[in-house]
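Results of the structural survey
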Amino acid sequence: MLKILKEKNPDIKFYSVLDDAFRTYGRVITNLDTADFVSAGKQLEIPENVCYRPSMEEFESLDGAGVIENEIFGTLSTEIGCCWGHSSFLNATEWHTSCEINIAVTPFVLLLGHIWDIVDNTIDASKFTAFYVPTGVALECYATTLHYCPCQVSDDGFICVVALPVGTNTALETTLSDKNITAKNKWQLCHFENEAAIARGVKPGISGVNYQIKY
């Protein structure tokens, strides 16, 4: 699959999260059994677009949820939800003041960047790198890693379990001067071509090609 993705997407740097190139973006988690997460995630019906729920009982009730909360987040209260659906474009990017845990229920691609490449609230799309994530792999994206919705590698769409500190990505209850903050513990920029996100109030800040992952 990685070979096919590289051939079909020659205009973007492409690696696997198992490659050394991933080391500045995050790490693969080896002490977490993901089988139950994958099994629970496969019960979800994949919608036509993209759905995200920050907290879901079907994942938070699993034994592995305790490993995530205690050994990865250091006993910090943790929410475990899911992002799933159909998506192929870069479109936007976000970051948090904490790491984010992803578990691949299906294979998918993450388009990742570094927060230090944002200059004057703008980053060129060429600063992003594509990483293929195989089914069953759990990874930690560091707080300095720009990320967003996974990209599918088949017509069936994608399913990605997401773990974060409780409250992350939920609705703001305070008016803030920093308009990059679009939800609790969530800073965001969208591509200048993403008219739908701009209409929702997301600040445009990604210039250049709005990459589409072909498979």
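This text follows the structure it describes.
Values in this document were obtained by computation on a predicted structure and should not be read as measured data. (Residues numbered from 1 in each chain as written. Predicted model: local features only at pLDDT ≥ 70, side-chain atom pairs only at ≥ 80, totals over all residues. Heavy atoms only, no water.)

Attention now goes to the packing of aromatic side chains. Tallied over the full model, the rule gives three aromatic pairs. Members of the aromatic cluster, joined through ring pairs, are Tyr15, Phe22, Tyr25 and Phe131. (Phe/Tyr/Trp six-rings, centres within 6.5 Å; stacked < 30°, edge-to-face > 60°.)

Moving on, we come to the pairing of strand β10 (residues 138-141). Residues Ala138 and Glu140 line one face of β10 and the alternating positions Leu139 and Cys141 line the opposite face, and both faces are buried. Strand direction decides the pairing type here: strand β6 (residues 100-104) and β10, joined by four bridges, are antiparallel. Among the inter-strand pairings, Glu100 is bridged to a residue of β10, identified as Cys141. (Buried < 20%, exposed > 50% of the residue type's maximum accessible area, 1.4 Å probe, protein only. Helix = DSSP H or I, 4+ residues; strand = E, 2+ residues; numbered from the N terminus. Pairing = 2+ DSSP bridges.)

Another aspect to go through is the side chain of Lys186. You can see Lys186 is positioned in strand β14 (residues 186-191). For Lys186, a relative accessible area of 16% translates into the label buried. Engagement of the side chain of Lys186 in a polar contact is seen with the side chain of Glu94, the distance being 3.3 Å. (Polar contact = N/O pair within 3.5 Å; in protein donor to acceptor, adjacent residues only side chain to side chain.)

For the rest of this paragraph, the subject is empty space enclosed by the protein. Empty space among the atoms becomes apparent when a probe as large as a water molecule is rolled across them. Throughout the structure, instances matching the rule amount to one cavity of 30 Å³ or more. Volume-wise, the largest cavity comes out at about 40 Å³. When its residues are assigned to classes, the lining of the largest cavity shows five nonpolar, one polar and no charged. (1 Å grid on protein atoms, 1.4 Å probe; cavity = no way out; pocket = protein on both sides within 12 Å on 5 of 7 lines; lining within 4 Å. Points joined across faces, edges and corners; volume = space filled by probe spheres on them. Nonpolar A, V, L, I, M, F, W, Y, C, P; charged D, E, K, R; others polar.)

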